[in-house]
Amino acid sequence: MEHATRTPAPPPAGDRRERAPARGQGGVRRALTRRNRPGQWAAWAFLTPLVVYLLAFYAYPLYRNVELSLRDYTVRSFVRGDAPFTGLANYLKVVRDATFGPALWHTVVFTVVSLVFQFTIGLALAMFFTRRFRLSATLRALFLVPWLLPLIVSSSTWSWMLNSDSGVVNAVLGAVGLVPVHWLTSPDWALWSVTIANIWIGIPFNLVVLHSGLQAIPAQVHEAAEIDGATGWTRFRRVTFPLLRPVSAITLLLGLVYTLKVFDIIWIMTKGGPSGASTTLATWSYRLGFGNLLPAFGPGAAVGNLLIVIALVFGLVYIRVQRRQGTA
Amino acid sequence: MRAGGRGWWHTGLGVVFTALMLFPVYWMINVSFTRDQDMRRSPPNWFPVNGTLEGYREVLGRQLPYLATSMVVGLGTVALTLVVSAPAAYSLARLRPRGGGVLGFLLLVAQMIPGVIMAMGFYAIYLSTGVLNTVPGLILADSTLAVPFAVLIFTTFMSGIPEELTQAARVDGAGALRTFWSVVLPVSRNAVITVSLFAFLWAWSDFVFASTLDQGGDHQPITLGIYHYIGNNNQQWNAIMATAVIASIPATVLLVLAQRYVAAGVTAGAVKD
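If you're wondering where the values come from, they're calculated on a predicted model, not measured in any experiment.

Asker: For the overall build of chain B, give the residues involved together with the corresponding values.
Answerer: For chain B, the helix and strand inventory stands at 14 helices and zero strands. Listed by position from the N terminus, the elements making up chain B come as α-α-α-α-α-α-α-α-α-α-α-α-α-α. Per-residue burial over chain B gives 61% buried out of 273 residues. Long-range pairs, those at least 24 residues apart, make up 75% of the contacts in chain B between residues at least 6 apart in sequence. If you sum the accessible surface of chain B, you get close to 10,700 Å²; carbon and sulfur atoms cover 67% of it.

Asker: Summarise the UniProt feature "transmembrane region" (unreviewed entry) in chain A; cite the residues concerned and give the values.
Answerer: UniProt's entry tags residues 41-60, 103-129, 141-161, 189-210, 247-269 and 296-319 of chain A with the feature "transmembrane region" (unreviewed entry), counted in the numbering of this structure. Secondary structure within residues 189-210 of chain A divides into 95% helix and 0% strand; the distance between the first and last C-alpha atoms comes to 30 Å.

Asker: For the pattern of salt bridges, give the residues involved together with the corresponding values.
Answerer: In this structure the tally under the stated criterion is five salt bridges over all chains. As a salt-bridge pair, B:Arg35 and B:Asp38 come within 3.2 Å of each other at their nearest N and O atoms. Taking relative accessible area as the criterion, B:Asp38 reaches 9% and is therefore assigned buried. In this structure, B:Glu58 and B:Arg62 form a salt bridge, with 3.5 Å as the shortest nitrogen-oxygen distance. You can see B:Glu58 and its partner B:Arg62 sitting in helix H2 (residues 54-62), four residues apart, about one turn around the helix. In this structure B:Glu58 comes out as partly exposed when scored by relative accessible area, which is 24%. We classify B:Arg62 as partly exposed; its relative accessible area is 43%. Overlapping salt bridges bring together A:Arg64, A:Glu67 and A:Arg71 as one network.

Asker: I'd love a proper account of the interface of chain A and chain B, names of residues and values included.
Answerer: Taken together, the contacts link 104 residues of chain A with 110 residues of chain B. Where chain A abuts chain B, roughly 10,300 Å² becomes buried across the two surfaces, and 75% of that area is made up of carbon and sulfur atoms. The tally of links between chain A and chain B comes to zero salt bridges. Between the two partners, chain A and chain B, sit 15 residue pairs in polar contact (both at pLDDT 80 or more). Looking at the side of chain A that touches chain B element by element, the count peaks at 19 residues for helix H2 (residues 40-69) of chain A. For the side of chain A that touches chain B, the residue count by class is 74 nonpolar, 18 polar and twelve charged.

Asker: Tell me about the UniProt feature "transmembrane region" (unreviewed entry) in chain B, and name the residues and values.
Answerer: Here the UniProt-annotated "transmembrane region" (unreviewed entry) positions come out as residues 7-29, 66-90, 102-126, 138-158, 179-204 and 237-258 of chain B. As a span, residues 66-90 of chain B carries 100% helix and 0% strand, and end to end its C-alpha atoms are 36 Å apart.

Conventions adopted
- Residues numbered from 1 in each chain as written.
- Chains lettered and ligands numbered in written order.
- Predicted model: local features only at pLDDT ≥ 70, side-chain atom pairs only at ≥ 80, totals over all residues.
- Heavy atoms only, no water.
- Helix = DSSP H or I, 4+ residues; strand = E, 2+ residues; numbered from the N terminus.
- Buried < 20%, exposed > 50% of the residue type's maximum accessible area, 1.4 Å probe, protein only.
- Contact = heavy atoms within 4.5 Å.
- Areas by Shrake-Rupley, 256 points an atom, 1.4 Å probe, with all protein chains shown as cover.
- UniProt positions renumbered as here; feature names shortened; annotations may be inferred.
- Salt bridge = Lys/Arg side-chain N within 4 Å of Asp/Glu carboxyl O.
- Buried area = accessible area lost by both parts, 1.4 Å probe.
- Polar contact = N/O pair within 3.5 Å; in protein donor to acceptor, adjacent residues only side chain to side chain.
- Nonpolar A, V, L, I, M, F, W, Y, C, P; charged D, E, K, R; others polar.

In structure tokens form, the structure reads like this:
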């Protein structure tokens, strides 16, 4: 478990206290390395495979994606590679499309609702698991299962559970006297259904990260609060939560960046339907590029690039927050 | 450990929470054993009474090639990820290359690019180079899920290796390559395990790249096997869920055998697409 406490993001258990001496050592180490530096060429020789890899399999696909979005591709010109350059026409077309507004709105709703519930439930469970009781560690490990399952497995399981006629969820609703809901086939419910499945998948991540954050709060703080007479809810609101804020910020920002790009769950459960009711930017981009008989690569790439911009804005905020906490 | 009744009360509550959380997983297993004629019963069978292995027989008959492909893709992704990321991390952690900070920043950004977008770029490239619908092409694409994470994990781990160890190697006359291979890499065993676990799991679970870059391939991974199943015979949910159960085996095995590595990976800001 050596490396668990030395992991990069988000600062886990006890890091605050362990980091100070570690940094001292780093200074000594740096001085030593400088004296015996085997030379920059060796350093870059080791880095070359990674740099080549990043250029070939990150930069180049991204470049091709931008290029796709700036040309008017048809199936034939896609193969021959002679599509005419059309500038930002694809972007204009996409933004003016009737799907754009709803897709953007669904992305926002899906992301915000997912984050709120994942975080709240994850935090409540993390608080619960800070108490010491038998089987605590085992149960916490079991909570990781939904997060580790292939998304196609969890998505198809939820599809069947939410089936209108034979799903177990409607069977339970019927047993307590409620009307069955057309979870996946009604435009009013489809977005909520995929959001519920996504919340379920995201809880473990929030639980584990917030739990390690809670472990890092020294026990004396709680004892001091107890002596001052702060109990229960007050202690959580005034003491625990403020101390957990850095870890919470990181958890939420990471969750945000990852929820924005969720595609598998929605595509497998509803394909973005019925009639676009659960279409987000990610599924729309996929449908444009791959979902139809006649692929529209140009607009598909344009939607994708808009999504990248949104994700990167929040991604840069994340990196900033993390850096600031690292130096604080 | 608190004494007496109070601890047990918490354990009981914890078991209830866990059971609620894992209900979908239980349901998947339950449905995988349910007979076709019981599938649309109302209320459903809560336990696999009159269970059948029909679904599993179906899987063994039809899905084995898919499972084999997933295994190859998973192992290939692990190998490629380790080869690219371990030496680079060694350099970033110990050799202090100029421009290393920028590279670290780019890796963080790389993790945030949505898979759908990478898939479209890969599709355009693969189509013109003829790599579309091949296993190596899928391995290459899947490795992009793991490489940035792997470099970050290795770099943090290798920065923590005591200076004396590498110094001693250097005093004995070992060059950078020798130090990396005979000292740093063996000591980094835990990081190698964590990285391999996640690289395998992500490649095994990948659906985005499989469905775009291997749609028409002769060798398709298990995620596509399940996906075709859902599309083709909507009625046979026991077979679909049996496939899902079998596709979950690697995740379960990893959790049981390597729990501490998994937890380490999650808190490292693990990415899941």
